[in-house]
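Per-entry structural report
The primary structure of each chain is shown beneath.
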Amino acid sequence: MTTLFQRYRLGDLTLPNRVVMAPMTRVRAAAGGLATPSMATYYAQRATAGLIVTEGVQPSLIGQSNPGTPGLHTDEQVASWRPVTAAVHANGGRIFAQIMHGGRVSHPDTTGMQPIGPSAVPAAGEVFTPAGPRPAPTPRALETAEVPEHAESYARAARRAVDAGFDGVELHGANGYLIAQFLSSNANLRTDRYGGSVANRIRFAVEAVSATVEAVGAHRTGIRLSPGATFWGVEETDVPQLYTALLTELARLEPAYVHLEATTDEEVLLGLRRTWPGTLVVNPVLPMGPKQTGRADADHWLGLGADLISFGRAFIANPDLVERLRTGVPIAPVDEATYYQGGDAGYLTYPAYQYTA
């Protein structure tokens, strides 16, 4: 029986366990999208994870979704990440950068530019800006000739990530951001080769992964997906058909892994597991839902064929999460008020479990 604490071979990496630290936005970057010494400490504290996936990192200024997030599109940003990756490696860890293009989930107050998207359809709700929440603006619909440039932006950021010392990258294809907007049947109203049919709606995702694989290698490339999710108002028709088609095309590129959020029925996810021949990472609970992933959730999905299990919120308050899972000691609760407040409180201040003799 597969357990969380068995080794796993992922591309060129040997993971000491099957616990993945899921990407989580923490908005602690410095001005100019620079990584900070506190970020180096934060990730190094959690280096016992089999694999760390960072918070979302914008591949371009127009791709920035939230204020206070880091980037990988300038030389200064690359230099700022090197101490982070070095600290993780010094503590024996492995780290991928999540590349996140916000698409329509952005605001001119954050980037100085009108957001772009597959169609001129605004996201649902309010987006974060430097001045607080604001209604999501209507994005500018990309011209057909512009779309490949944004697919290529993931690859450019991936090259910079490798230059910064990352072991690989994960493309953020989930949660209503740009790749998910192209997959969507209501955010994507295009009538060209990137819209309409399932084959056309998956095209942008496939092109982004293909460009990244070509740039840094399949063994350094993963993608995160949230089948059937409705974040930021996206909707997807024919979820099994859409994601079966997408995974079938991605399998030809042989990326290191697919990271699925449990955002649709278990039966659908099991069908996607049968479709996908490669490494599967599963995040068992809904992001921002009422519960956080625990050992029982992990064991359940390992038993259903997942190879690796990602933990989100549990890693925020438990830098020693792997050992807590191994020994069965309590998983500390997280203070949600500190998620996005900035500073080191609620970031570097969660202690490891104190074992008594």
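Given the structure is predicted, the values throughout are model-derived calculations rather than measurements.

How each quantity is defined
- Residues numbered from 1 in each chain as written.
- Predicted model: local features only at pLDDT ≥ 70, side-chain atom pairs only at ≥ 80, totals over all residues.
- Heavy atoms only, no water.
- Helix = DSSP H or I, 4+ residues; strand = E, 2+ residues; numbered from the N terminus.
- Rg over C-alpha atoms; globule rule 2.2 N^0.38 Å.
- Areas by Shrake-Rupley, 256 points an atom, 1.4 Å probe, with all protein chains shown as cover.
- Lys, Arg positive; Asp, Glu negative; His and termini not counted.
- Charge placed at Lys NZ, Arg CZ, Asp CG, Glu CD.
- Buried < 20%, exposed > 50% of the residue type's maximum accessible area, 1.4 Å probe, protein only.
- Right-handed = clockwise from strand over helix to strand, strands pointing away.
- Salt bridge = Lys/Arg side-chain N within 4 Å of Asp/Glu carboxyl O.
- Pairing = 2+ DSSP bridges.
- Axes fitted to C-alpha atoms, helices over the stretch in contact; angles between N-to-C directions.

We now examine the overall build of the protein. Broken down by element type, the protein carries 12 helices and 14 strands. Whereas a compact globule of 357 residues would reach a radius of gyration of roughly 21 Å, the protein reaches 19 Å, a difference of no more than 12%. The C-alpha extent of the protein, read off along each of the three principal axes, is 65 × 45 × 35 Å. Looking at the protein as shown, the accessible area adds up to about 13,200 Å², and 53% of this sits on carbon and sulfur atoms. Between the mean site of the 28 positive side-chain charges and the mean site of the 33 negative ones, the protein shows a separation of 4 Å.

The next subject is the pairing of strand β4 (residues 51-57). Judged by how many residues are buried, β4 sits mostly within the fold: seven of seven residues are covered. Traced from β4 through helix α2 (residues 75-90) to strand β5 (residues 95-99), the parallel crossover comes out right-handed.

Looking now at the pattern of salt bridges. Tallying each qualifying case throughout the model produces 13 salt bridges. Measuring nitrogen to oxygen at the nearest pair gives 2.7 Å for the salt bridge that ties D192 to R190. Both residues of the pair, D192 and R190, belong to the buried class. Of the charged contacts, one joins E207 and R193 as a salt bridge, the two residues approaching to 3.5 Å between their closest N and O atoms. Of the two residues, E207 sits in helix α7 (residues 203-216) while R193 sits in the loop between α5 (178-183) and α6 (198-201), which places them 14 residues apart along the sequence.

Ordered in space as β3-β4-β5-β10-β11-β12-β13-β14, the eight strands form a closed barrel in which the pairing is parallel. Ignoring strand direction, the axes of neighbouring strands in this sheet form an average angle of 25 degrees. Relative to strand β14 (residues 308-311), strand β13 (residues 279-283) is paired through two bridges, and the arrangement is parallel. Residue pairing in the sheet places V281 in a bridge with L308 of β14.

Let's shift gears to unusual backbone geometry. Positioned with a positive phi, V27 is a non-glycine residue whose angle comes to about 40 degrees. Tracing the backbone shows V27 in the loop between β3 (19-21) and α1 (37-45). The buried category is assigned to V27, whose relative accessible area is 17%.

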